[in-house]
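Residue-level structural notes
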Amino acid sequence: MQITKINKSKISTVDFNNLAFGNIFSDHMFIADYKDGEWSNSRITPYEPLTISPASKIFHYGQAVFEGMKAYKDAKEQIWLFRPDENQKRLNLSAERLDMPGVPKKIFHEGLEELLKLDSEWIPKGKGKSLYIRPFIFASEDTIIATSSLEYKFIILLSPVGAYFSKDVKLKIADKYSRAANGGVGFAKAAGNYASSFYPTRLAKKEGFDQVIWTDDATHTLIEEAGVMNVMFRINDKLITAPTSDRILDGITRKSLLEIARSENIAVEVRDISVKELLEANKKGELQEAFGCGTAAIVSPIYAIGYKDITMEMTQKENRYSELLKAKLFEIQTKTGEDKFGWSKQVTFS
Ligand SMILES: *Cc1c(COP(=O)(O)O)cnc(C)c1O
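Here's a quick rundown of the structure. Note that this is a predicted model, so its numbers are computed, not measured.

Things to note about the pairing of strand β2 (residues 28-35)
With seven of eight residues buried, β2 is to be regarded as a mostly interior element. Looking at chain direction, β2 and strand β3 (residues 38-46) are connected through seven bridges and run antiparallel. Within the sheet, the bridge partner assigned to Met 29 lies in β3 and is Thr 45. Count of turn residues in the β2/β3 antiparallel hairpin: two residues, of which Asp 36 carries a positive phi of about 50°. The pairing of β2 with strand β8 (residues 152-161) spans five bridges and is classified as antiparallel. Bridging across to β8, Phe 30 finds its partner in Ile 156.

Description of the environment of Ala 75
For Ala 75, the position within the fold is in the loop between β5 (69-73) and β6 (79-82). On the basis of relative accessibility, which here comes to 84%, the residue Ala 75 falls in the exposed class. Measuring from C-alpha to C-alpha, the distance between Ala 75 and Thr 336 comes to 8.3 Å, with 261 residues separating the pair along the chain.

With respect to the site of the ligand
What surrounds the ligand is a group of 14 residues, the closest being Lys 189, Tyr 194, Glu 225, Thr 253 and Thr 295. Separating a nitrogen atom of the ligand from a side-chain N or O atom of Glu 225 is a distance of 2.5 Å. Ile 252 is positioned with one of its backbone polar atoms (N or O) 2.8 Å from an oxygen atom of the ligand. Summarising the interface, the protein chains cover 96% of the accessible area of the ligand, which totals 380 Å² for the free molecule. If you map the ligand onto the pockets, it falls in the largest pocket. Of all the secondary structure elements, the ones that give two or more residues to the shell around the ligand are β12 (229-235) and α5 (252-263). Here the residues of the shell around the ligand are counted per class, giving five nonpolar, five polar and four charged.

What about helix α6 (residues 275-283)?
Listed in full, the buried residues belonging to α6 are Val 275, Leu 278 and Ala 281. Here the buried residues of α6 occupy an arc of 130° about the axis, which is enough to place them on one side. Looking at α6, the residues exposed on the side facing more than 90 degrees away from the buried face are Lys 276 and Lys 283. Once α6 finishes, Gly 285 follows within two positions and takes phi at roughly 75°, a positive value.

Examining empty space enclosed by the protein
Tallied over the entire structure, the rule returns two cavities of 30 Å³ or more. The space that makes up the largest cavity amounts to roughly 90 Å³. Every element with two or more residues in the lining of the largest cavity is listed here: β5 and α5. Of all the elements, β5 adds the most residues to the lining of the largest cavity, at three residues. Counted by class, the lining of the largest cavity contains four nonpolar, five polar and one charged residues. Its volume calculated, the second largest cavity comes out at about 40 Å³. Looking at the second largest cavity, the residues that line it are Gln 288, Glu 289, Ala 290, Phe 291, Pro 301, Ile 302, Met 314, Gln 316, Arg 320 and Ser 322.

Regarding the pairing of β8
Every regular strand shows the same layout, with side chains that alternate between the two sheet faces. Burial analysis of β8 places 10 of its 10 residues in the buried class, the great majority of the element. Side chains Tyr 152, Phe 154, Ile 156, Leu 158 and Pro 160 project from β8 onto one buried face, and the interleaved Lys 153, Ile 155, Leu 157, Ser 159 and Val 161 project onto a second face that is buried too. Where strand β7 (residues 130-139) and β8 come together, 10 bridges link them in antiparallel fashion. Opposite Ile 137, over in β8, you have Phe 154 as the bridge partner.

Rules used throughout
Residues numbered from 1 in each chain as written. Predicted model: local features only at pLDDT ≥ 70, side-chain atom pairs only at ≥ 80, totals over all residues. Heavy atoms only, no water. Buried < 20%, exposed > 50% of the residue type's maximum accessible area, 1.4 Å probe, protein only. Helix = DSSP H or I, 4+ residues; strand = E, 2+ residues; numbered from the N terminus. Pairing = 2+ DSSP bridges. Near = heavy atom within 4 Å. Polar contact = N/O pair within 3.5 Å; in protein donor to acceptor, adjacent residues only side chain to side chain. Areas by Shrake-Rupley, 256 points an atom, 1.4 Å probe, with all protein chains shown as cover. 1 Å grid on protein atoms, 1.4 Å probe; cavity = no way out; pocket = protein on both sides within 12 Å on 5 of 7 lines; lining within 4 Å. Sits in = over half its atoms within 2 Å of the grid points. Nonpolar A, V, L, I, M, F, W, Y, C, P; charged D, E, K, R; others polar. Arc of directions from axis to C-beta. Points joined across faces, edges and corners; volume = space filled by probe spheres on them.

Have a look at this one:
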């Protein structure tokens, strides 16, 4: 692999005690090119702007998919990734749906490891801090013929992030807009899914909500996701979440939390959950908790949910599942607790 190092690291300019999310990038990035039916030219370069044609298909037809994962440093300065194979597989699943070439496992992992080796100082130490990893693929062929691109780039960026102390959020149940449709691309981490969610989210924010809870596109009666996270509910002591489908993204946090919940003897139900069921549980005082889950925040508790002119408030204030599950997952990810599932993978540099 060709490696071009920066002359001088910018790491000394970064305040690691005040990291926001996703606005600081490490010194280097990994790039590979897809051309003539294969990936080649794997390389590491300084983090810098790209030169690409304005006709590149990404700008016109939106062929782009991405992943989000994190690297952690434990007390012994060892580096760990959380279920990295899942991200590699999902990237390729997303790519396939957008008629883009997947990235071979070897290129993905070798590229990531080489990049982490070079920029390992960028993995922050300390509670809740981690290095957010953003792998992505986009169409770079410079023709505006409306067909799949014949050329792509695969890039990995690294971004140190701080502890994500999100405040509890208030969400609005979608009754008009949809994030995904049957037979569509909802299960893929496609850039366009985000693009199309921004406008309805802006409208919800105008009404005083933080995000939208997406419902099924056909009837708006079934709960699907919360913002860009999967969503779980606690009714009495049952933890309920919708099954994944072609409209719901198969979140790694979601499936990990479900396994942890089962191992903690929490009653888990993976099944359709309707707006009506939430309204009824709320009326009876049985809607205890709701939370979003995803790599960035791990768990994001929801304190209220709006539906038309009704506001449902969560009743559980202490001993919340969200706190227990977040703590358990966090212990595994940061190697501060036992990893009985064997999910964390150590990164060792040869
Ligand atoms: C990325 C993402 C999630 C969360 O997936 P994780 O693997 O847990 O990070 C959930 N929903 C959507 C729409 C997403 O894009």
